[in-house]
There are 2 protein chains.
Amino acid sequence: MSPRVSLVSRPCSICNNLTDEFNYGVISCNPCKMVFRRVMKFETKFDHCLCGNKKSTSCRCCRFSACIAGGMKISCIQKYKHATLIQNLIKMDHKRNNTFFNYQMCEDLSLDQLMISGVPKIKDQGVRFTSHDWVSMEIYSTIEFMKNLDLVHILTSNDLMIFVKNAHFKCAIFFIAVRSYMAKMEFMTFPDNVDVFPEEISNVPDYSPKLLNRIRTLLISKFREFDVSIEELLLVVTIIICDPSVAGLSEFSMNVISQYQRIYSSALQAICQNKCKASWPTRFTNLLFLSNILTKTIKDLDDVVVLFKYHQPALPLRKLVKDSF
Amino acid sequence: MSPRVSLVSRPCSICNNLTDEFNYGVISCNPCKMVFRRVMKFETKFDHCLCGNKKSTSCRCCRFSACIAGGMKISCIQKYKHATLIQNLIKMDHKRNNTFFNYQMCEDLSLDQLMISGVPKIKDQGVRFTSHDWVSMEIYSTIEFMKNLDLVHILTSNDLMIFVKNAHFKCAIFFIAVRSYMAKMEFMTFPDNVDVFPEEISNVPDYSPKLLNRIRTLLISKFREFDVSIEELLLVVTIIICDPSVAGLSEFSMNVISQYQRIYSSALQAICQNKCKASWPTRFTNLLFLSNILTKTIKDLDDVVVLFKYHQPALPLRKLVKDSF
DNA sequence: GGTAGTCCACGGTGCACGGAC
DNA sequence: GGTCCGTGCACCGTGGACTAC
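So, here's what we can say about the structure.

Cut-offs applied
Residues numbered from 1 in each chain as written. Chains lettered and ligands numbered in written order. Predicted model: local features only at pLDDT ≥ 70, side-chain atom pairs only at ≥ 80, totals over all residues. Heavy atoms only, no water. Near = heavy atom within 4 Å. Polar contact = N/O pair within 3.5 Å; in protein donor to acceptor, adjacent residues only side chain to side chain. Helix = DSSP H or I, 4+ residues; strand = E, 2+ residues; numbered from the N terminus. Buried < 20%, exposed > 50% of the residue type's maximum accessible area, 1.4 Å probe, protein only. Contact = heavy atoms within 4.5 Å. Phe/Tyr/Trp six-rings, centres within 6.5 Å; stacked < 30°, edge-to-face > 60°. Lys NZ or Arg CZ within 6 Å of the ring centre and 35° of its normal. Salt bridge = Lys/Arg side-chain N within 4 Å of Asp/Glu carboxyl O. Disulfide = S-S within 2.5 Å.

1. Considering the protein's contact with DNA strand D
And then number 1: Around DNA strand D there are 14 residues in total, and Arg38 and Arg60 of chain A together with Arg38, Arg60 and Arg63 of chain B lie nearest to it.
And then number 2: Within 4 Å of the protein, the contacting atoms of DNA strand D are 56% sugar and phosphate, with bases supplying the remainder.
And then number 3: Contact between DNA strand D and arginine 38 of chain A: a base oxygen at 2.5 Å from a side-chain N or O atom of the residue.
And then number 4: Between DNA strand D and the protein, one listed contact pairs a base nitrogen with a side-chain N or O atom of asparagine 30 of chain B at 2.9 Å.

2. What to know about the protein's contact with DNA strand C
And then number 1: Taken together, 21 residues lie near DNA strand C, and Phe22 and Tyr24 of chain A together with Tyr24, Arg37 and Gln78 of chain B sit nearest.
And then number 2: When atoms of DNA strand C within 4 Å of the protein are split into backbone and base, the sugar-phosphate part holds 76%.
And then number 3: Interatomic distance of 3.5 Å between a side-chain N/O atom of asparagine 23 of chain A and a phosphate oxygen of DNA strand C.
And then number 4: In the model, a phosphate oxygen of DNA strand C is placed 2.9 Å from a nitrogen or oxygen of the glutamine 78 of chain A main chain.
And then number 5: Of all the secondary-structure elements, those providing two or more residues to the surface near DNA strand C are strand 3 (22-23) and helix 1 (30-41) of chain A together with strand 3 (22-23) and helix 1 (30-41) of chain B.

3. A short note on the environment of aspartate 323 of chain B
Residue and element names in this part refer to chain B.
And then number 1: Relative to the elements of secondary structure, aspartate 323 occurs in the segment after helix 11 (319-322).
And then number 2: You can call aspartate 323 partly exposed: its relative accessible area is 46%.
And then number 3: For aspartate 323, the residues in contact, after removing those within four places along its chain, are Ser110 and Leu111.

4. Some details on the packing of aromatic side chains
And then number 1: What the rule picks out here adds up to 29 aromatic pairs over all chains.
And then number 2: Measuring from ring centre to ring centre gives 5.2 Å for phenylalanine 100 of chain B and phenylalanine 101 of chain B, while their planes differ by 80°; the resulting arrangement is edge-to-face.
And then number 3: Taking relative accessible area as the criterion, phenylalanine 101 of chain B reaches 34% and is therefore assigned partly exposed.
And then number 4: Members of the aromatic cluster, each reached through a chain of ring pairs, are Tyr24, Phe36, Phe46, Phe64 and Phe252 of chain A.
And then number 5: For the cation-ring pair, lysine 123 of chain B lies above phenylalanine 129 of chain B, with the distance from its terminal atom to the ring centre recorded as 4.1 Å.

5. Re the pattern of salt bridges
And then number 1: Summed over the entire model, instances satisfying the criterion amount to 27 salt bridges over all chains.
And then number 2: A salt bridge links lysine 299 of chain B to aspartate 303 of chain B; its shortest N-O distance comes to 3.0 Å. Of this pair, lysine 299 of chain B and aspartate 303 of chain B both sit in helix 10 (residues 280-311), four residues apart, which is roughly one turn of the helix.
And then number 3: Relative accessible area serves as the criterion here: at 45%, lysine 299 of chain B is assigned to the partly exposed category.
And then number 4: A relative accessible area of 33% means that aspartate 303 of chain B is categorised as partly exposed.
And then number 5: Among the charged side chains, a salt-bridge network with shared partners connects Asp93, Arg96, Glu138 and Arg179 of chain A.

6. Quick notes on the state of the cysteines
Working definition: the covalent bond between the sulfur atoms of two cysteines is a disulfide.
And then number 1: For the coordinates displayed, the defined rule picks out zero disulfides over all chains.
And then number 2: The thiol of cysteine 76 of chain B is not disulfide-bonded; the next cysteine sulfur, from cysteine 67 of chain B, is found 13 Å away.

Following this line, the structure appears as structure tokens:
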């Protein structure tokens, strides 16, 4: 009997050249493996093109797109191992806090303007921030956080816009809760005890302290209930950010975002397993459910804004906030 | 009664990842086991680094250091089983003898110079060695012997220097005694009956044949008394070499050297047990006591050198010898 | 039965080559 | 024609799965 031939050559799933290799989860030749690796490592710059050479090796962009479409697993890239992933999120969070606390917006930009050019400046000495100012910085630093995620390097600018627009406001609210929770507060607040709602709110006739208070406390009460760590919160927010089901995304970006969401999700799962042994699925579900609590909070906030708009149409809301409702 | 839970996951003592394995004497995951195995087997090169990623798996050096610090037992590596160990020492001794008999120093190097670059050349035909020449080769070949010990591969160059400096001269003297003893001599001598002391010694007024003779005979008389074998002598010298209590060593190197000393020591113990059954502890103690006899001989030698220096300050001692007093 | 050792697939790295400017 | 950048080959180290003692 002849020995089993294991190294049979098959066409590379990316470029069709014959190969006996298996890389990043698919049958693929070494050159395609290297293209995928290098784009994922950002060893080489990656620009989108319009050539559409689907199975050709001549265009990096199309070859890389074929890698994604062909099922190459981003999670096989070692920098997406859990420990490294979480370390990076923590670093990004530090950076976000630094921006939030130490900078201020130069002008009242809309989200579109911000994405093109807007950069804040170092905060003036002794300037006193209103709720409007803080919320601007909260949103700005959240967008910065999102743009520091590895995946944005491989999204087209159009998809990146959709990606950011979808989650930035929601996540900014989440980050207010995170910061307040980490500062041992029971409710959302800005630094120096500046309320999250502008002072002008007391002029609204249907003013409902109960509703406002629910907005301020709901998320944080859940954080406390589950005794969440910053690592868990950062993974949850990243899972919320990486939502592949947004309308308008290209299939490519949907695929990429979805892969990243799975990576972050499995890191969160690992943390839960580590913490709770047998009961980890409960914790994991609870943490993922924070996304719904956030949605509920946003819904409440929406109601408040509607009231606001009705009774105070001239309220000077920042463009970044206005755009979100 | 519930069954004993044997496969409980615990954090790896090296990298903290969960594992249910137990390798080389500590709770440790398979990857850490493999790193330790490979460095110890010299399957892969091992360089020291400065990164200091103590509990990270990303740096081989730090991971290996953590293995040592975490208590992984070098003795569990099978090549450190007694038989292999002794075979290796015998081979190293052959090599040492080959160097000693067939080479000569190119120039008069100091120990520091020697450690960096010095290599001897094949002995010229018909050249007649003086005591000075032989002692140089004795020291050189002893250093070579020391550098052939496995453990030097994992010492930093600084610790290696300390390690060699501490024992090389002492051991060179021991090796003179070993060779003379194996050649059935009653006293230390160099080949062709060249005396271990240089001819110039007769010019010293306080010349004490009795002291010189004690130096020449003390060790060898003990060898005869205990009827030691070459295996035993090589283990003894290696135990002397692997002295973890030298000042200046890093904790890491101290730990490594100490582990090796224990390995050689237990090999010697096994030989004694094999040879003497019930009375092995006496033999074992006697053999270890040879270290003190050596120290005594070195002390005597020191006295002679002091006399020498006083009466013959211009005596052309080799740098390797000068450095040792 | 448990632990040390071996095998091998695959991810990562270094380098030489080739085309573009 | 030098330099820069991307490519793809060859090799290395890792760690999972298996074997042997």
